[in-house]
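This is what each chain is made of:
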Amino acid sequence: MKKLERAIGNFVTGDKFWNREKEIQLFTELLDEGAHILMAAPRRIGKTSLMREVASRISDRYYCLHVDLQKSESPADAVAELGKATRPHEKLWGKTKGIFQNILGKVTENIESIGMDDLTVTLRSGMTSVDWQSKGDQLFSTLSDTDMPVIVFFDELPILINRMLKGKEYKITPERKRATDSFMSWIRDVSVRHSGKIRLVITGSIGIEPALRQADLSATLNTFTPFILPPWNKETAIECLQALANRYEISFQEKALENIVEKLGYLIPHHVQMFFDNIYTDCRLNSSVEVTKGRVDEIYNAKMLGIQGHAELSHMEERLKIAFGMDIYPLALEIITETAVTGSLDSQRAMKICDSYEIEDRSSKDVLRDILEILQHDGYLKQEEASFVFV
């Protein structure tokens, strides 16, 4: 009898990681073949968990560096985060300290006493908007000269690219486009120059391809192999729910499991776990271990569609704001809402909605094309024949 412990929020690995064996195998095969990977998937579907799980399984053959760029705003920030990511690996960190000695030496004699957050600030303080590439080149050259190959997982690189490309005003300017082109061309050059010794993995909760396409910079990704991480299928979600129930001695009655899956529709692993967490809490509060189909309905309406569910959706809305900017975000949200409420959205209705908004310097047709492309890429909508449906 399989059992699974609850895990809500952060990434999971080891005993808390459920299924994805086929995806792990394919992902690992690509890395072993030397591929650079661009992982595309909606938020909360398990991208970071997959990367962390793969890294834990191949750590005897690769140095795996996890570079979180969610708070980064510039290439210099990214290079600083890359430098920090070597710290868990003594051999790599020793070489990194040599590269940044002119910075670290001025701060403290005991470099190891610097906290991880402070370390990013410290490394960043010694770089300008001009010399980040020099430090980055030194870092990658060092990483390519090691006893094992290196995998660099760039998590949330799309957020950094959107910030660089659009700024706080969410406007693509020639200067921002040049800066973004310079950074992404450097990433591409690194992927070619150190091929065989270093693998780069790019992933994030918003799409990088649509943003680069808006600025005619798609070619900077042509060395990366796309990797699609799908939602769970019905069987996997039910097996996960049953394993959780086994662990906490909860009994799902007839059709209860199927009802959970039907209510969720698009089976994002985090949402499956979130639904079970609400069921578990309800069982403990009511001193009952039996869950009926009707009780699933009640918990769904009260909890999943309640404040907790709204909080979850607010995170997704924040990602939309980053992708579109405040001018176009309301239009994108109306298109999503219209599709969800009516069941489908055809191009004529979509254009009518778009025409009702005033967008400076761009035609309604171009704006709508970008919106629909991003919403499909990031998993909000999908096209069925001549219409779009809400995923």
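Everything discussed here concerns the structure shown above.
Here the residue numbers are simple positions, counted from 1 along each chain's written sequence. With the structure being a predicted model, the display of local features is reserved for residues of pLDDT at least 70 and the display and counting of side-chain atom pairs for 80 or more, all residues being used for whole-chain, interface and lining totals. Values shown for side chains rest on all heavy atoms present in the structure; no hydrogens or waters enter the calculation.

> How should the overall build of the protein chain be read in this particular structure?
Runs of H or I in DSSP of at least four residues are treated as helices and runs of E of at least two as strands, each being numbered from the N terminus. Looking only at helices and strands, the protein chain has 18 helices and 10 strands in total. Along the longest, intermediate and shortest principal axes, the C-alpha atoms of the protein chain span 65 × 55 × 40 Å. Remark: exposure states derive from per-residue accessible area (1.4 Å probe, protein chains only) relative to the maximum for the residue type, with buried under 20%, exposed over 50%, and partly exposed in between. Taken across its 391 residues, the protein chain has 51% of its residues classed as buried. Surface exposure here means Shrake-Rupley accessible area, sampled with a 1.4 Å probe, where a residue is shielded only by the protein chains that are shown. Counting only carbon and sulfur atoms, one obtains 48% of the accessible surface of the protein chain, whose full area is about 18,900 Å². In the protein chain, 49 positive and 58 negative side-chain charges are present, and the distance between their average locations comes to 2 Å. His is not counted, nor are the chain ends; Lys and Arg add positive charge and Asp and Glu add negative charge. Charged groups are reduced to one reference atom each: NZ for lysine, CZ for arginine, CG for aspartic acid, CD for glutamic acid.

> For this particular structure, what's the right way to read the pattern of salt bridges?
Proximity of charged atoms lets side chains of opposite charge pair with each other. Should a side-chain nitrogen of Lys or Arg be within 4 Å of a carboxyl oxygen of Asp or Glu, the pair is scored as a salt bridge. One pass over the full model with this rule turns up 20 salt bridges. As a salt-bridge pair, Asp-216 and Lys-177 come within 4.0 Å of each other at their nearest N and O atoms. With Asp-216 in the loop between helix 10 (208-214) and strand 5 (224-228) and Lys-177 in helix 9 (residues 174-193), this pair connects stretches of sequence that are 39 residues apart. In this structure, Arg-369 engages Asp-366 in a salt bridge whose closest nitrogen and oxygen atoms are separated by 3.0 Å. Of this pair, Arg-369 and Asp-366 both sit in helix 18 (residues 364-377), 3 residues apart, which is roughly one turn of that helix. Arg-369 sits in the partly exposed class, given a relative accessible area of 47%. By relative accessible area, which is 30% here, Asp-366 ends up partly exposed.

> Sorry if this is basic, but what is going on with the nonpolar core here?
A general trend in soluble globular proteins is that nonpolar side chains are found buried together. We call a set of buried Ala, Val, Leu, Ile, Met, Phe, Trp, Tyr and Cys residues a nonpolar core when their side-chain atoms join them within 4.5 Å. Phe-140, Val-152, Leu-157 and Phe-183 are the most contacted members of the largest nonpolar core, which has 45 residues in total. A per-element tally of this core places helix 3 (residues 75-85) first, with 6 residues. With sequence-adjacent residues up to four places away left out, Leu-157 is seen in contact with Leu-69, Phe-183, Met-184, Ile-202, Thr-203 and Ile-208. Residues Ile-238, Cys-240, Met-274 and Tyr-280 belong to the second largest nonpolar core, which totals 31 residues. In this analysis, two residues are considered to be in contact whenever any of their non-hydrogen atoms come within 4.5 Å of each other.

> What is the right way to read the pairing of strand 10 (residues 387-390) from this model?
Moving residue by residue along a regular strand, the side chains alternate between the two faces of the sheet. By the convention used here, strands pair only if DSSP detects at least 2 bridges between them. As paired strands, strand 8 (residues 345-346) and strand 10 are joined by 2 bridges and run antiparallel to one another. Among the inter-strand pairings, Leu-345 is bridged to a residue of strand 10, identified as Phe-388. Pairing of strand 9 (residues 381-384) with strand 10 involves 4 bridges; the strand directions are antiparallel. Its bridge partner being in strand 10, Leu-381 is matched across the sheet by Phe-390.

> What exactly am I supposed to notice about the packing of helix 11 (residues 234-248) against helix 13 (residues 269-285) here?
In helix packing, the relevant descriptors are the interaxial angle and the interaxial distance, both defined with respect to the helix axes. Interaxial distance between helix 11 and helix 13 falls to 11 Å at its minimum, and their mutual angle equals 30°. If you check the angle between helix 11 and helix 13, you find them roughly parallel. Helix-helix and strand crossings are classified by hand; for helix 11 and helix 13 the assignment is right-handed. Of helix 13, the residues touching helix 11 (which contributes Ala-237, Cys-240, Leu-241, Leu-244, Ala-245 and Tyr-248) are Val-272, Gln-273, Phe-276, Tyr-280 and Arg-284. Think of it as three bins: nonpolar holds Ala, Val, Leu, Ile, Met, Phe, Trp, Tyr, Cys and Pro, charged holds Asp, Glu, Lys and Arg, and polar takes everything else, Gly as well. Taken together, the residues that form the contact of helix 11 with helix 13 break down as 9 nonpolar, 1 polar and 1 charged. Each axis is a line fitted through C-alpha atoms, and for a helix only the stretch in contact is used; angles between axes span 0 to 180 degrees, taken between their N-to-C directions. Comment on the angle field: the value is read as roughly parallel under 35 degrees, roughly antiparallel over 145, roughly perpendicular from 65 to 115, and oblique elsewhere. Handedness of a crossing follows from how the near helix is turned relative to the far one, being left-handed for an anticlockwise turn of less than a right angle and right-handed for a clockwise one.

> Which parts of the structure should I look at to understand the side chain of His-36?
By secondary structure assignment, the location of His-36 is in strand 1 (residues 36-40). Every residue in contact with His-36, bar those within four places of it in the chain, is listed here: Ser-191, Ile-198, Arg-199, Leu-200, Thr-223, Phe-224 and Thr-225.

> I tried to follow helix 11 on my own but got confused; where do I start?
Residues separated by three or four positions in an α-helix point in the same direction, a consequence of the helix having 3.6 residues per turn. Here helix 11 contains 15 residues, and its C-alpha end-to-end distance of 21 Å stays within 8% of the 21 Å for a straight helix at 1.5 Å per residue. Where helix 11 is concerned, the buried positions are Thr-236, Ala-237, Ile-238, Cys-240, Leu-241, Ala-243, Leu-244, Ala-245, Asn-246 and Tyr-248. Check the buried side of helix 11 and you find it contacts strand 6 (251-252), helix 12 (256-264) and helix 13. The residue sitting at the N-terminus of helix 11 and contributing the capping side-chain oxygen is Asn-233; that oxygen lies 3.3 Å from the backbone nitrogen of Glu-235. Looking one or two places after helix 11, you find Glu-249, whose phi comes out positive at around 55°. A helix is expected to span 1.5 Å for every residue after the first. Here a polar contact is recorded for every N or O atom pair within 3.5 Å, except that within protein the pair must consist of a potential hydrogen donor and a potential acceptor, and residues adjacent in sequence are included only if both atoms are side-chain atoms.

> What am I meant to see in the sheet that holds strand 9 here?
Note on sheets: strands pair through backbone hydrogen bonds, and any given pair is parallel or antiparallel. Overall, antiparallel pairing links the 3 strands, which are arranged 8-10-9 in an open sheet. The sheet is open, and its two edges are formed by strand 8 and strand 9, each paired on a single side.

> Is there a simple way to think about the packing of aromatic side chains in this case?
Both the distance between ring centres and the angle between the ring planes are used here to describe each pair of aromatic rings. Ring geometry is summarised as follows: Phe, Tyr and Trp rings, the Trp one being its six-membered ring, pair when their centres sit within 6.5 Å, and such pairs are stacked at plane angles under 30 degrees, edge-to-face over 60 and tilted between the two. One pass over the structure, following the stated rule, counts 9 aromatic pairs. Arranged with centres 5.6 Å apart and planes meeting at 65°, the rings of Phe-140 and Trp-186 form a pair that is edge-to-face. Of this pair, Phe-140 sits in helix 7 (residues 132-144) while Trp-186 sits in helix 9, and the two are 46 residues apart along the sequence. Among the residues examined, Phe-140 registers a relative accessible area of 0% and is labelled buried. Relative accessible area serves as the criterion here: at 5%, Trp-186 is assigned to the buried category. Members of the aromatic cluster, joined through ring pairs, are Trp-132, Phe-140, Phe-183 and Trp-186. The residue whose ring lies beneath Arg-6 is Tyr-248, and the NZ or CZ to ring-centre distance is 5.4 Å. Our definition puts a charge over a ring when NZ of Lys or CZ of Arg is within 6 Å of the ring centre and also within 35 degrees of the ring normal. The side chain of Arg-247 reaches across the aromatic face of Tyr-248, ending 4.7 Å from its centre.

> Just checking my understanding: could you explain the environment of Thr-225 for this structure?
Along the chain, Thr-225 falls in strand 5. A C-alpha to C-alpha distance of 8.5 Å links Thr-225 and Leu-30, two positions 195 residues apart in sequence. Beyond its immediate chain neighbours, meaning those up to four positions away, Thr-225 contacts Leu-30, Ala-35, His-36, Ile-37 and Leu-38.

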